[in-house]
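# Understanding the architecture of this molecule
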Amino acid sequence: MLYFGPETIMPLGSALAAVMGVILLFWQRTVGYVRRVVTRARERIAGMFR
Amino acid sequence: MSAGNRAERRRKGRAARKAVEEKRPAGRGGEGRFRLGAAQSWWRLLSLAVVFGVVGGFLEMGVVGWILTQGLPLHLSQEYLWMAPTAYVVVLGVLAAALIGAGRFWRSAATLPVAVGLLAGVAMGSAVLALEMLHPLVAVPVGLGVGVQLGRMARGRFGGFVARYAPVGALALGFLVAGLAAFSLTRPDRAEARADAMLPAPEGGTNIVLIILDTVRARSMGLYDAAKAHTPNLEQLGREGVVFEQAYSASPWTLPSHATMLTGRWPQEHGAGWMRALDGRYPTLAEALAGNGYSTAAFVGNLTYANHNWGIDRGFTRFEDYPVSVWQVLFSSGIGRRLASLDGLRSWLGLHDALNRVRAPVVTDRFLRWQRERESDRPFFAFLNYFDAHEPLAALVEPEPVVPLRYRNGLVTGESVHFDVPPGGQGGFFEIYRAAYESVIGELDREVGRLVGELERRGELSNTVVIVASDHGELIGEYDLFGHDSSLYLPTLRVPLLIRHPGTVPTGVRMANPASLRDLAATILDLAGARKGVELPGRSLASHWDEATGRSTTDVGYAFLKRGPNLRVPPWAPVVRGPVMESVIDSSFQYIRNGDGSEELYAVQVAPLDARNLAGRESAAGRLMELRRLLAGPWPAAVPGPRRTNPWVGATPPPFPALP
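It should be emphasised that the depicted structure is a prediction, and the values quoted were computed from it without experimental measurement.

### Section: the overall build of chain A
Scanning chain A from N- to C-terminus turns up 2 helices and 0 strands. The buried share among the 50 residues of chain A stands at 12%. Summed over all atoms, the accessible surface of chain A reaches about 4400 Å², with 71% contributed by carbon and sulfur.

### What to know about a positive patch on the surface
Together, Arg 29, Arg 36, Arg 40 and Arg 44 of chain A together with Arg 6, Arg 9, Arg 10, Arg 152 and Arg 155 of chain B make up a positively charged patch on the protein surface. Counting residues per element, the ones that place at least two in the positive patch are helix H2 (27–48) of chain A together with helix H1 (3–23) of chain B. Of all the elements, H2 of chain A adds the most residues to the positive patch, at 4 residues. In this fold, Arg 10 of chain B is placed in helix H1. Owing to a relative accessible area of 52%, Arg 10 of chain B belongs among the exposed residues under this scheme.

### Quick look at unusual backbone geometry
Residues and elements named next belong to chain B. Phi is positive for Tyr 479, which is not a glycine, with a value near 60°. Its identity is not glycine, yet Asp 480 carries a phi of approximately 55°, on the positive side. Position of Asp 480 relative to the elements: it lies in the loop between strand S7 (475–476) and strand S8 (482–483).

### Describing the pattern of salt bridges
All names here are of chain B. Summed over all chains, the structure comprises 28 salt bridges over all chains. The salt bridge involving Arg 539 is made with Asp 555; its shortest N-O contact spans 3.8 Å. Taken as a pair, Arg 539 in the loop between helix H19 (520–528) and strand S12 (557–562) and Asp 555 in the loop between H19 and S12 lie far apart in primary sequence, 16 residues in all. For Arg 539, a relative accessible area of 37% corresponds to the partly exposed category.

### Regarding the sheet that holds strand S15 (residues 599–603) of chain B
Residues and elements named next belong to chain B. Reading across from one edge, S12-S13-S14-S15 is the order of the 4 strands in this open sheet, with antiparallel pairing throughout. On the outer flanks of this sheet lie S12 and S15, each paired with one strand and no other. Pairwise comparison of adjacent strand axes, ignoring direction, gives a mean angle of 15° for this sheet. Relative to strand S13 (residues 580–585), S12 is paired through 6 bridges, and the arrangement is antiparallel. Following the sheet pairing, Lys 562 is matched in S13 by Val 580. Relative to strand S14 (residues 589–593), helix H20 (residues 621–631) is tilted by about 60°, and along the sheet it contacts S12, S13, S14 and S15.

### Some details on a nonpolar patch on the surface
All names here are of chain B. Judged by side-chain polarity, Trp 327, Leu 339, Leu 342, Leu 345, Trp 348 and Leu 349 come together as a nonpolar surface patch covering roughly 620 Å² of accessible area. Counting through the fold element by element, Trp 327 comes out in helix H12 (residues 326–330). Take Trp 327: its relative accessible area is 37%, and that puts it in the partly exposed class.

### Here's the deal with the environment of Val 128 of chain B
All names here are of chain B. With respect to the helices and strands, Val 128 occurs in helix H4 (residues 112–129). Between the C-alpha atom of Val 128 and that of Ala 110, which follows or precedes it by 18 residues, the distance is 25 Å. Each residue touching Val 128, except ones within four places of it in the same chain, is listed here: Leu 134, Val 138, Ala 139 and Val 142.

### Focus: the packing of aromatic side chains
Residues and elements named next belong to chain B. Per the stated rule, a full pass over the model turns up 22 aromatic pairs over all chains. Here the aromatic rings of Phe 161 and Tyr 165 are separated by 5.0 Å at their centres, their planes lie at 50°, and the arrangement is tilted. Taken together, the positions of Phe 161 and Tyr 165, both in helix H6 (residues 157–185) and 4 residues apart, correspond to about one turn of that helix. Take Phe 161: its relative accessible area is 51%, and that puts it in the exposed class. Linked through ring pairs, Trp 253, Trp 274, Tyr 305 and Trp 310 together constitute an aromatic cluster. Between the NZ or CZ atom of Arg 190 and the centre of the ring of Phe 183, over which it lies, the distance is 4.3 Å. When the ring centre of Tyr 224 is taken as reference, the NZ or CZ atom of Arg 494 above it lies at 5.3 Å.

### Considerations on the packing of helix H8 (residues 232–239) of chain B against helix H17 (residues 429–457) of chain B
Residues and elements named next belong to chain B. Following both chains from N to C, one finds H8 and H17 inclined at 55°, their axes separated by 7 Å at the closest point. If you check the angle between H8 and H17, you find them oblique. Residues Pro 232, Asn 233, Leu 234 and Leu 237 of H8 touch H17, and the partners they reach there are Asp 445, Arg 446, Val 448, Gly 449 and Val 452. Classifying every residue of the contact of H8 with H17 by side-chain character gives 5 nonpolar, 2 polar and 2 charged.

### Concerning H17 of chain B
For H17 of chain B, built from 29 residues, the straight-helix expectation of 42 Å at 1.5 Å per residue is met to within 8% by its first-to-last C-alpha distance of 42 Å. Downstream of H17 of chain B by a residue or two, Gly 459 of chain B has a phi angle that is positive, lying close to 75°.

The rules behind each value
- Residues numbered from 1 in each chain as written.
- Chains lettered and ligands numbered in written order.
- Predicted model: local features only at pLDDT ≥ 70, side-chain atom pairs only at ≥ 80, totals over all residues.
- Heavy atoms only, no water.
- Helix = DSSP H or I, 4+ residues; strand = E, 2+ residues; numbered from the N terminus.
- Buried < 20%, exposed > 50% of the residue type's maximum accessible area, 1.4 Å probe, protein only.
- Areas by Shrake-Rupley, 256 points an atom, 1.4 Å probe, with all protein chains shown as cover.
- Patch = residues over 30% accessible without salt bridge, like charges linked within 9 Å, V, L, I, M, F, W, Y side chains within 5 Å.
- Salt bridge = Lys/Arg side-chain N within 4 Å of Asp/Glu carboxyl O.
- Lys, Arg positive; Asp, Glu negative; His and termini not counted.
- Charge placed at Lys NZ, Arg CZ, Asp CG, Glu CD.
- Pairing = 2+ DSSP bridges.
- Axes fitted to C-alpha atoms, helices over the stretch in contact; angles between N-to-C directions.
- Contact = heavy atoms within 4.5 Å.
- Phe/Tyr/Trp six-rings, centres within 6.5 Å; stacked < 30°, edge-to-face > 60°.
- Lys NZ or Arg CZ within 6 Å of the ring centre and 35° of its normal.
- Parallel < 35°, antiparallel > 145°, perpendicular 65-115°, else oblique.
- Nonpolar A, V, L, I, M, F, W, Y, C, P; charged D, E, K, R; others polar.
- Expected span 1.5 Å × (residues − 1).

Structure below.
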């Protein structure tokens, strides 16, 4: 059973905020990776139809 | 893409950035402009600290504003509006000064990107720390993330903009905060002037001084037992007025008890409690007196549950609780509050009381200063709360600790000592605590004496009704409990009550019948002769001595306690047995119905240490029936809970640690 109460939200909120902080810390690198993944995916999809 | 290509691209990127930076003119955000080797740069750096500090302070205010919408009042000063940005400016100012110092030895430490990144990161981290629902370490990645990104941006146009406009921005924001401070600090004076202009002063009104000795139980006072705390001033006041031998509070803890005294409503009616401030449904005593032309002012020592955040301030034109001090400014930032919550640090700094109380002499001084400086010819209603008898007792830690180190930490820091004290006490803890407690009561007696003496010297006493009471008592080992919010046993409910006003109130009378502090509001309105506007429920305690009012001999005490969400009490505390417990007390017996329906019956005159539950005894069956009927009587049902509850006040209490 899914339960969302104060006891579950507190650690969840902390974890999410921490992850956001780390993403922000390595923003350029994160964006670079995402961009690269998207580019490769697009290239592969385009290759499939060639 | 091959590894060689990636390396080549990175090299080209670095070269391009370098080229851009080299072409950028000085003063347009180049790092060189801001190196601290330049003579004019230190004040730019301090300007940056001011700008980021004020912005960070306002950011935290947004966070705090959101928290307040979630339903739980925070412990914030009324001066928070200017104290928060000031706190950030102070913290960032210290960092900026450190950066200036570091720049003299390590030039690359004091560049614009480093300064922007550090100041913005710390400001952001502190704002995140204001979110008390989150783990404090979350502030590190968030602060670092924001700092690194803004630091990067400062290498470009943003840096140029910041460096150029920081001084003028700091000046403008500094004026803004100073204006806010001036506005906020003069607010009570303006409010008093407005109140004076609105209503004509009543003719021949009597001043009222209501003194609440927070957490003082009747049985530890010389006023009630000559063998207990030395209270000559209170005894003198008692000889000049009426002393109630059996006065009972309606709740064993601060907020509901205060709310009841100030509204005349029972705790389950007004609903003020662990997660809920006193709301605006019912008029307060201060509002009623203000409506009758009184000046109203409160001077509060209890910053935990009797401060303005909990609605106790309603109707008071002046409400003085948190001090205006350097420490209070620092506590107005997320980082300051988190640091102050570190018990060891607070103890090391000698700030035992800094967050939760204003000491009694300061409360007295505040009242006497206000009374001396007020220009109004109106009668006044002054409410004073002395908090010194609440644990942690300062007497135990100053000047020298007199309790074993094992217990001292809990007492010093305010962390509940429930955990440290096993049933029956240990190492004479309860004896030591009782002695210290009575010593503090003696100090409070001296404060009351000083206050009354000064009123007499100023010629005000003859026209002033002085009322001394307490909001609740304390258990110090009786029933194997310590504290006051975990049961309805008599030591937590039986409180002092004396009323002095020769001419109106008889002198030297001791009333034996039970009386409830719930009737205090109606009593004060009666003694003040306030007939206009709102009426407060309850019956004037003058009925105890005034035939004309209708002499009463049937009063009873009644108390109500709702279990708190995060209440950390021992498993044998009655409050854990169910959500709500109630008690009625007549002149001979106290009847308690616990949350699980179990019953307790005690003879009032038996000392708590010798008390035996008579509920199961056949000889007491008749009284038990009577008191059951009494409890089933006119007491109101509890109001529904708040619509929104605070998400970070846990729904279930944390586990109770094992006893040693």
